[in-house]
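Below, each chain spelled out in residue letters.
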Amino acid sequence: AVIAQLAGEAPDLVLHTGDLVGDGAEEAGWQSCFSVQAPLRGRAPIAPAIGNHEAQNQLGIQNFSRYFGVTPRDGEVRYAFTYGNSRFIVMDTNLMFFALTSQTGWLERELQSAAGDRRVRHVFVVMHHGPFATGPHGGNPGVRAAWAPLFAAYGVDTVFSGHDHLYERLEHEGVRYVVSG
């Protein structure tokens with residue numbers, strides 16, 4: 001029903017905050033996901049972040065990478081692209097539970113580049129485990145400490161996250177945060 005509603009809205013682009021499947025290693029889950037998304041997939045590109053359900057094992061990461069054409073860098077599935085006058089930075093928060101990774105430097109370089117590109121009018125960040133959430137999982141303190149100051153410093157418009165399967169929105173230091181539900 002959600003996909004049918006989205007397809008009816010005729011979006012130009014669809015962002016997904018991860019957990020597309022229950023287990024990224026199981027091919028049947030991917031095929032079910034793509035079958036459900038079929039009415040939307042032909043109408044708009046889908047740009048997903050990798051969730052913990054896809055990243056819980058190496059085969060899941062390989063499947064995500066294969067299906068979405070994203071090559072992991074330093075073990076992380078991250079990428080960025082420009083669509084119209086907006087820059088989208090898609091982060092992999094699955095390793096953030098254990099230690100800060102090379103993504104922080106990469107993120108800052110992406111934000112600097114977007115800030116210096118006069119064609120970019122908006123910057124959006126997409127991730128699975130967000131810095132702020134009040135649901136059962138809560139916000140990720142590592143993401144909040146490492147990245148929220150960068151989002152504020154570079155004027156990110158909105159940060160989209162998932163993980164907590166509920167909808168929330170808030171503003172912190174001039175940045176809008178949305179938990180997509």
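Below, the structure is looked at part by part. Note that the structure is a prediction, hence the values are computed from the model and not measured.

**A few points about the overall build of the chain**
Thought 1: Along its length, the chain carries 5 helices and 8 strands.
Thought 2: Along its sequence from the N terminus, the chain presents helices and strands in the succession α-β-α-β-α-β-β-α-β-α-β-β-β.
Thought 3: Its C-alpha atoms give the chain a radius of gyration of 16 Å, near enough to 16 Å, the size a compact globule of 181 residues would have.
Thought 4: Dimensions of the chain along its principal axes, counting C-alpha atoms only, are 40 × 35 × 30 Å.

**Concerning the side chain of glutamate 110**
Thought 1: Inspection of the secondary structure assignment puts glutamate 110 in helix H4 (residues 103-116).
Thought 2: Here glutamate 110 falls in the buried class, since its relative accessible area comes to 15%.

**Section: helix H2 (residues 27-41)**
Thought 1: Taking 1.5 Å as the rise per residue, H2 with 15 residues should run 21 Å; its terminal C-alpha atoms sit only 18 Å apart, a clear shortfall.
Thought 2: Taking the largest bend as the criterion, H2 deviates by roughly 35°, centred on serine 35, and proline proline 39 comes between one and four positions later.
Thought 3: Along its buried surface, H2 packs onto helix H1 (2-9), strand E1 (14-16), strand E2 (46-48) and helix H3 (58-68).

**Things to note about the packing of aromatic side chains**
Thought 1: Here the structure, examined in full by the defined rule, presents 12 aromatic pairs.
Thought 2: Seen in terms of ring centroids, phenylalanine 34 and phenylalanine 68 are 6.2 Å apart; in terms of plane orientation they differ by 65°. Their pairing is edge-to-face. Of this pair, phenylalanine 34 sits in helix H2 while phenylalanine 68 sits in helix H3, and the two are 34 residues apart along the sequence.
Thought 3: Between phenylalanine 124 and phenylalanine 160 the ring centres are 6.3 Å apart and the planes differ by 35°, which places this aromatic pair in the tilted class. Here phenylalanine 124, found in strand E5 (residues 122-126), pairs with phenylalanine 160, found in strand E6 (residues 158-161); they are 36 residues apart in sequence, far enough to count as distant.
Thought 4: Accessibility expressed as a relative area gives 16% for phenylalanine 124, which makes it buried.
Thought 5: One aromatic cluster in this structure is built from Trp30, Phe34, Phe64, Tyr67 and Phe68.

**Re the pairing of E6**
Thought 1: The pairing of E5 with E6 spans 3 bridges and is parallel. Opposite phenylalanine 124, over in E6, you have threonine 158 as the bridge partner.
Thought 2: With respect to chirality, the unit in which E5 leads through helix H5 (residues 141-153) into the neighbouring parallel E6 is right-handed.

**Observations concerning the pairing of E5**
Thought 1: Burial runs high along E5: 4 of the 5 residues are buried.
Thought 2: Alignment of strand E4 (residues 86-90) against E5, held across 5 bridges, turns out to be parallel. Across the sheet, isoleucine 89 pairs through a bridge with valine 125, a residue of E5.

**Topic: the packing of H2 against H3**
Helices that pack against each other are described as a pair by the angle of their axes relative to one another and the distance between those axes.
Thought 1: In contact at an axis separation of 12 Å, H2 and H3 are set at 30° when each is read in the N-to-C sense. The orientation of H2 relative to H3 falls into the category roughly parallel. For the element pair H2 and H3, the recorded crossing hand is right-handed. Between H2, through Glu27, Trp30, Gln31, Phe34 and Arg41, and H3, the contact on the second element is made entirely by Gly60, Asn63, Phe64, Arg66, Tyr67 and Phe68.
Thought 2: Considered class by class, the residues forming the contact of H2 with H3 number 5 nonpolar, 3 polar and 3 charged.

Quick notes on the rules
Residues numbered from 1 in each chain as written. Predicted model: local features only at pLDDT ≥ 70, side-chain atom pairs only at ≥ 80, totals over all residues. Heavy atoms only, no water. Helix = DSSP H or I, 4+ residues; strand = E, 2+ residues; numbered from the N terminus. Rg over C-alpha atoms; globule rule 2.2 N^0.38 Å. Buried < 20%, exposed > 50% of the residue type's maximum accessible area, 1.4 Å probe, protein only. Expected span 1.5 Å × (residues − 1). Bend = angle between axes of the 7 residues up to and from the residue. Contact = heavy atoms within 4.5 Å. Phe/Tyr/Trp six-rings, centres within 6.5 Å; stacked < 30°, edge-to-face > 60°. Pairing = 2+ DSSP bridges. Right-handed = clockwise from strand over helix to strand, strands pointing away. Axes fitted to C-alpha atoms, helices over the stretch in contact; angles between N-to-C directions. Parallel < 35°, antiparallel > 145°, perpendicular 65-115°, else oblique. Left-handed = near helix turned anticlockwise from the far one by under 90°. Nonpolar A, V, L, I, M, F, W, Y, C, P; charged D, E, K, R; others polar.

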